[in-house]
Amino acid sequence: MDSEQASRGPNPHILSPDEWKLEQGLEPDRLRLRNQSDLKIPLDTPNLASKNEAELRADAASDDDTFVVKDERPGWKGYVEWEDYPVKKAKAHQRFTRYKFPPPPEFQLEPVPGTNPVLEGVRWKLWHKAIGGDLTNVPEDSWEIVLKEKHPDMLHLLQFPYNGEPPKSLLTQEPITPNELHFARNHGGIPEIDAEAFDLRLDGLVNEPKTLTLADLQNEALFPRVSKLVTIQCSGTRRLEQISVYAGEGDEMINAPWAEGAIGTAKWTGVSLKKVIKYCGGLKDGTKHLELYGAETYFKGGECMNYVVSVPWSKVKANEVLLAWEMNDKPLPKIHGFPLRAVVMGYIGARSVKWLYRIKALEYPSRAPVQSKEYLYFQQQQGKHNQLPTMGIQIQEMPVSSAIMTPWNKEVVVHNGKIECTGWAYSGGGRWPERVELSADGGNVWYAVPLENMSSKHKFTWRTWRASVPCDHEGWTELLVRCWDNSLNTQPIAVRDSWNWGLHVTSSCHRVKVYSVNASRAATRARLEEFARREESFLPITRPTEFQTMSMDEYEKRWAAMEPRDVD
């Protein structure tokens, strides 16, 4: 096939029924590669299983039939220890090699499914069932917890591992997010751990390694109790905007299509990790990082592991890492890490490890895959063809960001010269929103949100806001919001400016296209009243008006008062 014709179907001389859609890029998932190089590029679909099943490989070697995964400890349901047992990891990998698993679903080049949950997480469920044993029913058990603990109006982006955000209408109703509406971004199943059976292990380059119970941590004679308002934001917040411009890496769990709700603010109660380290005699010379272990089972590249990341000792030393057992004055919900989790202030949410059971002091950042190979911010020219983990910046502090909650994208807004808007603004790293600005003309003229219309200022939290932005013009327009933090950092204007292959950290100005109808204009008001009088729906706006907007008598009268159409 000629390379210039490679985007068409198998026979370049016969049009397919949807040729027009293909030519216009409306079905990009079906486009073929246009190869203008001198290389042969493999295009055949890998030999993977069908959409919803794992298949035993014809050439599969048998694994160890005596290998059965069991819950690690009494009172710790859904927790399997992988990091201490390399032989167990190797046996799990061998079991994986027996199967062909379905590929990740396409949700960027194809339309995002109109379902709730949006994506199911078939592969992740099958991985648990392939390993078997006490991991078999983890997907079903976790979903039951979601339904019990989360608000019925939650938007479920991924059923398993659970990823969910609240709807815009509920996200910013209060500056502090209710537990049942706080977004949840899980990387595995939800362990169920009894508080009485729980303990936390501290080891590595710790002068006096210890194992502490939850009662030890809650003993105020040993550790001063701390309560802190902290916003946690996922690096995938507003990812849908990046996807709408250019597709990127498409793992349904790593890169779920988050909208503006992957952020929430809560009052967290616990103890500063710095105080716990001091209780353990401090750290040995050369210690630079603390590795945090979560009890869930995580999968990467055919390997089983626990969820492991790290934070710098300098962050802990500043009392900016909390070991929390309460969320908004209530015990942690299971879905948010009961009985203990980390809250890393101002950092990407992925560092705030849930179901925290171990902390290990290291000389260097964790080499675990989540820290070393994920949550990386690549330069725009790095992608599937050339990326290496060392080319990406490990995301830690979150940049300044903001979002419009109302109105919604592509809504028709009838107003009296001002459009009412609500939203949130946030900056990580201990910075805070100092000013929020709105534009109703695509970013040419900006108006500041009045300070009295913003929630209170705190070092590690967002600020919710409401404001009216002047909008005299009509027709399609674009609302923008941007935030200035206390260090005078602000947001890039265009989505493209923050696009990256991993689709992380959409820090550009949030844009919402609306159809402006200014009822303060006499002609517009009269037309709207006529729609009402004739009982004709104003929506959809793309439908032509059914009644005549001008009689021929009015037309002739107006024409007589106008200059000639053509000039002699």
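An unreviewed UniProt entry annotates the protein as Oxidoreductase, molybdopterin-binding domain-containing protein originating from Stachybotrys elegans. According to UniProt, the comment filed for the protein under the heading Cofactor (unreviewed entry) is "Mo-molybdopterin".

Visitor: I'd like to hear about the UniProt feature "domain: Moybdenum cofactor oxidoreductase dimerisation" (unreviewed entry) in the protein, residue by residue, with values.
Guide: Feature annotation in UniProt assigns "domain: Moybdenum cofactor oxidoreductase dimerisation" (unreviewed entry) to the following positions: residues 394-515. Helix makes up 0% of residues 394-515 and strand 45%. Its end C-alpha atoms lie 40 Å apart.

Visitor: Outline the environment of I41, listing residues and values.
Guide: As for its placement among the helices and strands, I41 is situated in the loop between α1 (19-23) and β1 (55-56). Using a relative accessible area of 35% as the deciding quantity, one classes I41 as partly exposed. As a C-alpha pair, I41 and I263 span 222 residues in sequence and 41 Å in three-dimensional space. Filtering out sequence-adjacent residues up to four positions away, I41 remains in contact with L33 and N35.

Visitor: Go over the sheet that holds strand β24 (residues 447-448) with me, naming the residues and quoting the values.
Guide: Ordered in space as β21-β27-β26-β23-β24, the five strands form an open sheet in which the pairing is mixed. If you trace the sheet from one side to the other, it starts and ends with β21 (411-415) and β24, each paired once. Where strand β23 (residues 433-439) lies against β24, two bridges are found, and the strand directions are antiparallel. When the sheet's bridge partners are listed, L438 is paired in β24 with Y447.

Visitor: Describe empty space enclosed by the protein, and please don't skip the residues or the numbers.
Guide: This model, assessed by the stated rule, comprises three cavities of 30 Å³ or more. Approximately 220 Å³ is the volume attributed to the largest cavity. What lines the largest cavity is a set of 20 residues, among which R185, R341, G349, S352 and K354 lie closest to the centre. Here the residues of the lining of the largest cavity sort into 10 nonpolar, six polar and four charged.

Visitor: So what's going on with the pattern of salt bridges? Residues and values would help.
Guide: This structure, assessed with the given rule, holds 38 salt bridges. E72 is paired through a salt bridge with K88; the nearest N and O atoms lie 3.3 Å apart. You can see E72 sitting in the loop between β1 and β2 (76-77) and its partner K88 sitting in helix α2 (residues 86-96), a full 16 residues away along the chain. For E72, a relative accessible area of 25% gives the class partly exposed.

Rules behind the numbers
- Residues numbered from 1 in each chain as written.
- Predicted model: local features only at pLDDT ≥ 70, side-chain atom pairs only at ≥ 80, totals over all residues.
- Heavy atoms only, no water.
- UniProt positions renumbered as here; feature names shortened; annotations may be inferred.
- Helix = DSSP H or I, 4+ residues; strand = E, 2+ residues; numbered from the N terminus.
- Buried < 20%, exposed > 50% of the residue type's maximum accessible area, 1.4 Å probe, protein only.
- Contact = heavy atoms within 4.5 Å.
- Pairing = 2+ DSSP bridges.
- 1 Å grid on protein atoms, 1.4 Å probe; cavity = no way out; pocket = protein on both sides within 12 Å on 5 of 7 lines; lining within 4 Å.
- Points joined across faces, edges and corners; volume = space filled by probe spheres on them.
- Nonpolar A, V, L, I, M, F, W, Y, C, P; charged D, E, K, R; others polar.
- Salt bridge = Lys/Arg side-chain N within 4 Å of Asp/Glu carboxyl O.

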